[in-house]
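Remarks on the overall topology
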Amino acid sequence: MAPAAGTETVKLKREFGIRSAFGIAFAFISPIVALYGIFALAFSAMGPAVLWAFGAVILGQLLVALVFAQHVSRWPYEGSIYQWSRRLCGETYGWFCGWAYIWTLIITIAAASYIAASFIPVVLGIDPFSTLEQLLVSFAIVIVATSINALGRRAIAVVAAVSIAAEVVGSIGVGGTLLIFHREHSFGELFHTAGAAYGPGPFMWATVLAAVAFIGWSFVGFESAGTIAEEVKNPSRDIPKAMILSLLGVGSVVMFSALGLILAIPDYQAVLSGNVADPVADTITTHLGTGVTQPLFAIFTLGFIAAIVVVQTSASRMIWSFARDDVLPGARYLKRVTARKRLPMVAIVTTAVLGMVLLLSTLHGPLYNTLVNLTAGGFFTAFAFPVIGVLIVRIRRRPLPVGPFNLGRWSELVYWAAGAWMVFELVNIFWPRATDQPWYLQYGIMLTVGAVGLLGVLAWLAGRDKIAAADLALHSFDEVEDAAPEAGVESVTGKASTW
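None of the values given here were measured: they were computed from a predicted structure.

A word on the overall build of the chain
Summing up its helical and strand segments, the chain has 22 helices and 3 strands in all. In the chain, which comprises 499 residues, the proportion classed as buried is 59%. The contacts in the chain between residues at least 6 apart in sequence include a share of 83% that link residues at least 24 apart. Summed over its atoms, the accessible surface of the chain is roughly 19000 Å², and 67% of this surface lies on carbon and sulfur atoms.

A closer look at the pattern of salt bridges
One pass over the structure, following the stated rule, counts 9 salt bridges. Salt-bridge contacts for Arg317 lead to Glu78; the nearest nitrogen and oxygen are separated by 3.9 Å. A residue pair is termed long-range when its members are at least 10 positions apart, and Arg317 in helix α14 (residues 293-324) and Glu78 in the loop between α4 (50-74) and α5 (81-89) qualify at 239 residues. On the basis of relative accessible area, Arg317 is assigned to the buried category, the value being 0%. Overall, Glu78 belongs to the buried group, its relative accessible area being 0%. A network of salt bridges, in which partner residues are shared, links Glu15, Glu78, Arg153, Glu231 and Arg317.

Some remarks on the environment of His182
The topology assignment puts His182 in the loop between α8 (153-181) and α9 (203-215). According to the relative accessible area criterion, His182 is partly exposed, its value standing at 23%. Sequence-wise, His182 and His287 are 105 residues apart; in three dimensions their C-alpha atoms are separated by 6.6 Å.

What to know about helix α21 (residues 464-474)
Looking only at α21, the buried set comprises Ile467, Ala470, Ala473 and Leu474. Along the axis of α21, the buried residues cluster in a sector spanning 120°; they form a single face. Exposed and oriented more than 90 degrees from the buried face of α21 are Asp465 and Leu472.

Calculation rules
- Residues numbered from 1 in each chain as written.
- Predicted model: local features only at pLDDT ≥ 70, side-chain atom pairs only at ≥ 80, totals over all residues.
- Heavy atoms only, no water.
- Helix = DSSP H or I, 4+ residues; strand = E, 2+ residues; numbered from the N terminus.
- Buried < 20%, exposed > 50% of the residue type's maximum accessible area, 1.4 Å probe, protein only.
- Contact = heavy atoms within 4.5 Å.
- Areas by Shrake-Rupley, 256 points an atom, 1.4 Å probe, with all protein chains shown as cover.
- Salt bridge = Lys/Arg side-chain N within 4 Å of Asp/Glu carboxyl O.
- Arc of directions from axis to C-beta.

Set out below in structure tokens:
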């Protein structure tokens, strides 16, 4: 493995197999996080017809996953979208992609920890936490996740596997029970909004687009299998499978669970009016009794903690990948790995510290809606770089290396369809909704992404000489041969030719 000539080679252990890569991606997306984290927001926007919005987002993200699967098959490097983007359009382009992604992951650690902390009182059967108590419990959750990451790759794989088992059983079990034994509405209700509206405006603008914007947060994380590429055996062949199967697996579980939950809600209007703040807990408690609530929320908590663990794994590997190329402040320390387990411990601890610093913002009140939209905006911004980047390469009619996973003549169509989806969803997520929230919350995504971008420009200016050197080193060796020695080259027609 040699990402760029002239850079210091620091190797990680290849201890993950395809099942572990799949487990990490599955736990990152997480059926519980994907559904229950945003269900109340999405249902309030679109009512029972929100099921189809879940399906639309899954299909859109599948296009992105197919593009990413081809990228990681070409370039199976630690750092995923950063490494792909810099090879597509240069170091500076890749640098800003990675910068956006790192901060998105760290914000996700903070947001998911805060949400997970809110489940603890239900599990323990106590009163809800105060803001300060929830903050402290959130800190504790980050510390637990950091400790698991510090134990090594086996611990991460075990947590992911246990999470998958618990989440699939819990999600399918609850969804199936509600659908078979406690259905309150006909299937025809799935084609109606029950009067739901998200601000003034026509149906399409006020409901469907708002729901799709919220749900965009649900189906990200499949790319995490590529973030650990240099720790996976046979990455060019196995990681593309892990990406696609994890998205389809989580999507199937979420659609089934959502179907059961939507049709079992006792009173749609009570949810849409805000009288029922948590339709998930209310529906489950109403039909299954309070006895099932505590163990179910324990599964919710486990799902969120597992997601936090693998998000932190991805964030630390992104930072490490940057540091190895010497294009990040503090790279000298951040690229260090432990002697025995070859873990990037400095990077792991850095993600924990930054996540806890961001958690301090919750002292000014819960910003749940903003955090959901903000993380969705961050993910889609970062994802756009390698998706738009490959379109730029095709427009310039430059050939691309072809890895073991390749869509052949269908690649071109998938590239453009994924690009269209990215542009649509970015505009949709960033578009300020007409709500009663203060202006700084309505424009919170733009303001925060702008702030992260400004910090990125300052960091880029401070390190532009090293970034230029990394760009020169990147193009001073035959990266096609290094990235995919058995591969051919994808021609401008989308067909594979022999290298």
